[in-house]
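Residue strings, one per chain:
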Amino acid sequence: MTGATTLPDPVRAWAESVIGPLTCLRDASAAHPSRVWEVTTRPESGRRFCVKLAASPLAFTRETFAHRHAVSYLGPGRAPRLTATSAQHLALLMTALPGTPLSDLRATGAALETVHRKAGALVAQLHQAGKLTPAAREEAAQTLRRTADSAERSVHASGDQMPPEEREFVLARAAELRTLGRVPLGYIHGHVDEHTLRWSGTREPLALIAFERARFAPVVQDFVPLARGPWAEQPRLRTAFFTGYGRPLIPEEKRALLCLTALHGVGVRAASTGAVGGGCRMTHPEPRLPERQLTPRRAESAAR
């Protein structure tokens, strides 16, 4: 089998050695930053799985660690179950989850608030997963500083593509990020948004997919995609989320969220224009899912 949207033959052979012959394959990469196929075994069993090719060795390591050490904290049905991995192919084989991405839900009002409240509870469980070792704690504690450094490099690399007032705004937010006090650390998903959250109705648990960015870091980082997305237009969803999360943001996290939301767009826009280069590396080098393109100032306003 060949072609950009086809499961490579060596990977298919590996998957079939684990779960048996496959009868149906569907390219499901559109909703993922990595290449993903939904596959089905022979009709007599009819089991559904996902075969995922990680975008990089780092993404493979992160997702494998997440499934082996953290996902169990979420409980049954709240994340895919890892079946096998292949370091040679950077491939993961996991169960396929039912459900609809939140981006495709037609729920409104109280029903949508219920979804976001459940999302807050689910993310809170993940943030408490795993054991934060001294080395992991030190690495996580440096995350905000590295984010600020990365944003500054992107600003300088952008040259004349960024208006002067926007440059000053971004540099000010980066400087503020360095001066914040301690913020809570935990095991984060890395991109909790309307694409990675899956809803199957009120009788089934809300689920979370795509753990290739999971790591120990300030937990406030997991709130950025939602702050730039649905919360910007519907603040009540943010209230519902933190009701489910179990606590409000502390003052340092509120300032961090404002700064991170503003700076997040710098990396996305710089990468889309080819401005990141010359040794500059953004904090999250993995491919990104489509999202709203906001200026840093508008992004910060959306997070208030």
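Thresholds applied
- Residues numbered from 1 in each chain as written.
- Predicted model: local features only at pLDDT ≥ 70, side-chain atom pairs only at ≥ 80, totals over all residues.
- Heavy atoms only, no water.
- Core = buried A, V, L, I, M, F, W, Y, C linked by side-chain atoms within 4.5 Å.
- Buried < 20%, exposed > 50% of the residue type's maximum accessible area, 1.4 Å probe, protein only.
- Helix = DSSP H or I, 4+ residues; strand = E, 2+ residues; numbered from the N terminus.
- Pairing = 2+ DSSP bridges.
- Contact = heavy atoms within 4.5 Å.
- Axes fitted to C-alpha atoms, helices over the stretch in contact; angles between N-to-C directions.
- Expected span 1.5 Å × (residues − 1).
- Arc of directions from axis to C-beta.
- Parallel < 35°, antiparallel > 145°, perpendicular 65-115°, else oblique.
- Left-handed = near helix turned anticlockwise from the far one by under 90°.
- Nonpolar A, V, L, I, M, F, W, Y, C, P; charged D, E, K, R; others polar.
- pLDDT = per-residue confidence, 0-100.
- Phe/Tyr/Trp six-rings, centres within 6.5 Å; stacked < 30°, edge-to-face > 60°.
- Lys NZ or Arg CZ within 6 Å of the ring centre and 35° of its normal.

Some remarks on the nonpolar core
Counting 55 residues, the largest nonpolar core has Leu177, Phe211, Phe223 and Phe241 as its most contacted members. If one sorts the elements of this core by residue count, helix H3 (residues 109-127) sits on top with seven residues. Judged by nonpolar contacts, the second largest core, of 14 residues, contains Leu7, Ile19, Leu22 and Ala84.

What about the sheet that holds strand E8 (residues 197-199)?
In sheet architecture, strand pairing relies on hydrogen bonds along the backbone and comes in two forms, parallel and antiparallel. Read across the sheet, three strands follow the order E6-E8-E9 without closing on themselves; strand pairing throughout is antiparallel. At either end of the open sheet lies a strand with only one pairing partner, and these are strand E6 (100-101) and strand E9 (207-208). Lying over the sheet, H3 contacts E8 and E9, oriented at roughly 130 degrees with respect to E8.

Focus: the environment of Ala91
Its location among the elements puts Ala91 in strand E5 (residues 91-95). C-alpha separation for the pair Ala91 and Val36, spaced 55 residues apart in sequence, amounts to 9.6 Å.

Concerning helix H6 (residues 164-179)
End to end, H6 covers 23 Å across 16 residues, agreeing with the expected 22 Å (1.5 Å per residue, within 8%). For H6, the set of buried residues is Glu166, Phe169, Val170, Arg173, Ala174, Glu176 and Leu177. When H6 is viewed along its axis, its buried side chains cluster within an angular range of 160 degrees and face the same direction. More than 90 degrees from the buried face of H6, the exposed residues found are Pro164, Glu165, Glu168 and Thr179.

Notes on the packing of helix H5 (residues 143-158) against H6
The interhelical angle for the contact between H5 and H6, taken along N-to-C directions, is 160 degrees, at an axis separation of 8 Å. In terms of orientation, H5 lies roughly antiparallel with respect to H6. As H5 packs across H6, the resulting crossing turns out to be left-handed. Between H5, through Leu144, Thr147, Ala148, Asp149, Glu152, Val155, His156 and Ser158, and H6, the contact on the second element is made entirely by Arg167, Val170, Leu171, Ala174, Leu177 and Arg178. Here the residues of the contact of H5 with H6 sort into seven nonpolar, three polar and four charged.

Some words on the sheet that holds strand E1 (residues 22-27)
The five strands lie next to each other as E1-E2-E3-E5-E4, forming an open sheet whose pairing is antiparallel. Pairing within the sheet leaves two strands with one partner each, and these edge strands are E1 and strand E4 (82-86). Averaged over all neighbouring strand pairs, the angle between strand axes comes to 20 degrees, with direction disregarded. With five bridges connecting them, strand E3 (residues 48-53) and E5 associate as antiparallel partners. By the bridge assignment, Leu53 is partnered in E5 with Ala91.

Structural notes on H5
Since the α-helix turns once every 3.6 residues, residues separated by three or four places project in the same direction. Taking 1.5 Å per residue, 16 residues should reach 22 Å; H5 reaches 22 Å between its end C-alpha atoms and fits that length. For H5, the full list of buried residues reads Thr143, Leu144, Thr147, Ala148, Ser150, Ala151, Ser154, Val155 and Ser158. Along the long axis of H5, the arc covered by the buried residues comes to 165 degrees, so they all point the same way. Just past H5, the residue Gly159 takes up positive phi, approximately 60 degrees.

Observations regarding the environment of Glu204
The topology assignment puts Glu204 in the loop between E8 and E9. Among the residues examined, Glu204 registers a relative accessible area of 45% and is labelled partly exposed. Separated by 126 residues in sequence, Glu204 and Arg78 have C-alpha atoms that sit 9.0 Å apart.

Thoughts on the confidence of the model for the chain
Overall, the prediction assigns the chain a mean pLDDT of 85, with 84% of residues at 70 or greater. Mean pLDDT across the secondary structure elements of the chain bottoms out at helix H11 (residues 296-302), with 55, and peaks at E4, with 98. Confidence drops under a pLDDT of 50 for residues 268-291, and excluding neighbours within four residues, the segment shows 50 contacts in the predicted structure.

Comments concerning the packing of aromatic side chains
Under the criterion given, the structure shown has 10 aromatic pairs. Each ring, one from Phe241 and one from Phe242, has its centre 5.2 Å from the other, and the planes form 80 degrees; the classification is edge-to-face. In terms of burial, Phe241 and Phe242 fall into one category: buried. Look at Phe242 and Tyr245: their rings are 6.0 Å apart centre to centre, the planes differ by 80 degrees, and that puts the pair in the edge-to-face class. Taken together, the residues span about one helical turn, with Phe242 and Tyr245 both in helix H9 (residues 235-245) at a distance of three residues. On the accessibility criterion, Phe242 (12% relative accessible area) is buried. Residue classification places Tyr245 among the buried residues on the basis of a relative accessible area of 11%. Positioned above the aromatic ring of Phe169, the side-chain terminus of Arg173 is 4.8 Å from the ring centre.

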